[in-house]
Amino acid sequence: MLWPIILPIQLTSLIMVFVIVTVTVIAAAKNWKPGMAFVITSAAAIMAFVPSCNGIMSVLDARRFGVFQYATYDDVRDFRIERYLPPAAKAITLEKTAMGHRAKYSITETELREYIDQLWNKFGRLSAAPRGDSSERETASADEFELWFQGLGWPMPKNAICFGSPTEADGGGATYYFDPDSGTAYHRAGYW
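Throughout what follows, the structure given in this document is the object of discussion.

## Some words on the overall build of the protein
No. 1: Regarding its fold elements, the protein presents five helices and six strands.
No. 2: When the helices and strands of the protein are listed from N to C terminus, the series reads α-α-β-α-β-β-α-α-β-β-β.
No. 3: By principal-axis analysis of the C-alpha atoms, the protein measures approximately 75 × 35 × 30 Å.
No. 4: Taking all 192 residues of the protein together, 38% fall into the buried category.
No. 5: For the protein, contacts bridging at least 24 residues in sequence account for 57% of all contacts bridging at least 6.
No. 6: In the form shown here, the protein has an accessible surface area of approximately 11100 Å², with 63% of it arising from carbon and sulfur atoms.

As structure tokens, this is what we get:
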């Protein structure tokens, strides 16, 4: 749940330590009071920590969150997404957020069903909800699809089939929608 802020905190901390050490060393080299330089720089770093962290997070978030295009699964290179994305997926559009992602990609029904079966075989015993619950059905709800994929401009498939992945105890998991007419799959995944 806190993963998006860890890297900004680490980078801000490294920068602040570097500035404190550099100013203290320069003060000692110039025969100024290094102890006073250390105290003043440390106090300034403490006051600037949150704004600096927010600035670094804004720069990082612009590169790691948003809508991205990938040709194949191998191009994605994000373990949070790879665990819900079938390796056979192609022409992938991903909307990445801090707490999940939404995806659209080309795949055959057989490949998608085999992938979901593999997920259940590997993680089904750990699932908080049993397979075949309300998230898996032969007809997807148009209202549900619109709710989960609003703002992306992806049209609701007429004959979408709905599948669910194993669900983590904290609610993490994915719901898959497959359009057999176009060979397009959509999924939304949440992780904490």
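## Some thoughts on the pattern of salt bridges
No. 1: Inspection of every chain in the model, using the stated rule, returns five salt bridges.
No. 2: Between Asp78 and Arg80 there is a salt bridge, and its shortest N-O distance comes to 3.8 Å.
No. 3: The exposure class of Arg80 is buried, given its relative accessible area of 14%.

## Re a nonpolar patch on the surface
No. 1: A cluster of nonpolar side chains, contributed by Leu2, Ile5, Ile6 and Ile9, occupies part of the molecular surface with about 330 Å² of accessible area.
No. 2: Secondary-structure assignment places Leu2 in the segment before helix 1 (3-29).

## Thoughts on the sheet that holds strand 3 (residues 100-106)
No. 1: Spatially, the six strands line up as an open sheet ordered 1-2-3-6-5-4, and their pairing is antiparallel. Edge positions in the sheet fall to strand 1 (66-72) and strand 4 (161-164), since each of these pairs with one other strand and no more. This sheet shows a mean twist of 15° between the axes of neighbouring strands, independent of strand direction.
No. 2: Pairing of strand 4 with strand 5 (residues 173-179), which is carried by four bridges, proceeds in the antiparallel orientation. Following the sheet pairing, Phe163 is matched in strand 5 by Tyr176.

## Some points on the environment of Ala98
No. 1: Within the secondary structure layout, Ala98 lies in the loop between strand 2 (90-97) and strand 3.
No. 2: For the pair Ala98 and Phe65, spaced 33 residues apart in the sequence, the C-alpha separation amounts to 7.2 Å.
No. 3: Not counting chain neighbours up to four residues away, the residues in contact with Ala98 comprise Trp3, Pro4, Phe65 and Tyr191.

## Regarding the pairing of strand 3
No. 1: Within strand 3, five of the seven residues are buried, which leaves the element mostly enclosed by the surrounding structure.
No. 2: Judged from the six bridges that link them, strand 2 and strand 3 form a sheet pairing that is antiparallel. Across the sheet, the residue bridging to Leu94 is Ala103, located in strand 3.
No. 3: In textbook terms, the turn of a hairpin is the stretch between consecutive antiparallel strands, and for strand 2 and strand 3 this stretch comprises two residues.

## Brief notes about the packing of aromatic side chains
No. 1: Within the structure shown, the criterion is met by eight aromatic pairs.
No. 2: On the basis of an interplanar angle of 75° and a centroid distance of 6.3 Å, the ring pair of Tyr115 and Tyr176 is categorised as edge-to-face. On the criterion of sequence distance, the pair formed by Tyr115 in helix 4 (residues 109-123) and Tyr176 in strand 5 is long-range, its members being 61 residues apart. Accessibility assignment for this pair places Tyr115 and Tyr176 in one class, buried.
No. 3: Centroid distance Phe145 to Phe149: 4.6 Å. Interplanar angle 35°. Geometry classified as tilted. Residue Phe145 and its partner Phe149 are located together in helix 5 (residues 142-149), separated by four residues, close to a single helical turn.
No. 4: The structure contains a cluster of three or more aromatic residues connected by ring pairs, namely Phe145, Phe149, Trp154, Tyr177 and Tyr186.
No. 5: Between the NZ or CZ atom of Arg188 and the centre of the ring of Trp148, over which it lies, the distance is 3.6 Å.

## Things to note about helix 2 (residues 34-64)
No. 1: Along helix 2, the sharpest kink reaches roughly 50°, centred on Phe49 and followed within four residues by the proline Pro51.
No. 2: For helix 2, the full list of buried residues reads Ala37, Thr41, Ser42, Ala45, Cys53, Ile56, Met57 and Arg64.
No. 3: Those residues of helix 2 that are buried lie in contact with helix 1, strand 1 and strand 2.
No. 4: Gly66, located one to two residues past helix 2, shows a positive phi value of around 130°.

About the thresholds
Residues numbered from 1 in each chain as written. Predicted model: local features only at pLDDT ≥ 70, side-chain atom pairs only at ≥ 80, totals over all residues. Heavy atoms only, no water. Helix = DSSP H or I, 4+ residues; strand = E, 2+ residues; numbered from the N terminus. Buried < 20%, exposed > 50% of the residue type's maximum accessible area, 1.4 Å probe, protein only. Contact = heavy atoms within 4.5 Å. Areas by Shrake-Rupley, 256 points an atom, 1.4 Å probe, with all protein chains shown as cover. Salt bridge = Lys/Arg side-chain N within 4 Å of Asp/Glu carboxyl O. Patch = residues over 30% accessible without salt bridge, like charges linked within 9 Å, V, L, I, M, F, W, Y side chains within 5 Å. Pairing = 2+ DSSP bridges. Axes fitted to C-alpha atoms, helices over the stretch in contact; angles between N-to-C directions. Phe/Tyr/Trp six-rings, centres within 6.5 Å; stacked < 30°, edge-to-face > 60°. Lys NZ or Arg CZ within 6 Å of the ring centre and 35° of its normal. Bend = angle between axes of the 7 residues up to and from the residue.

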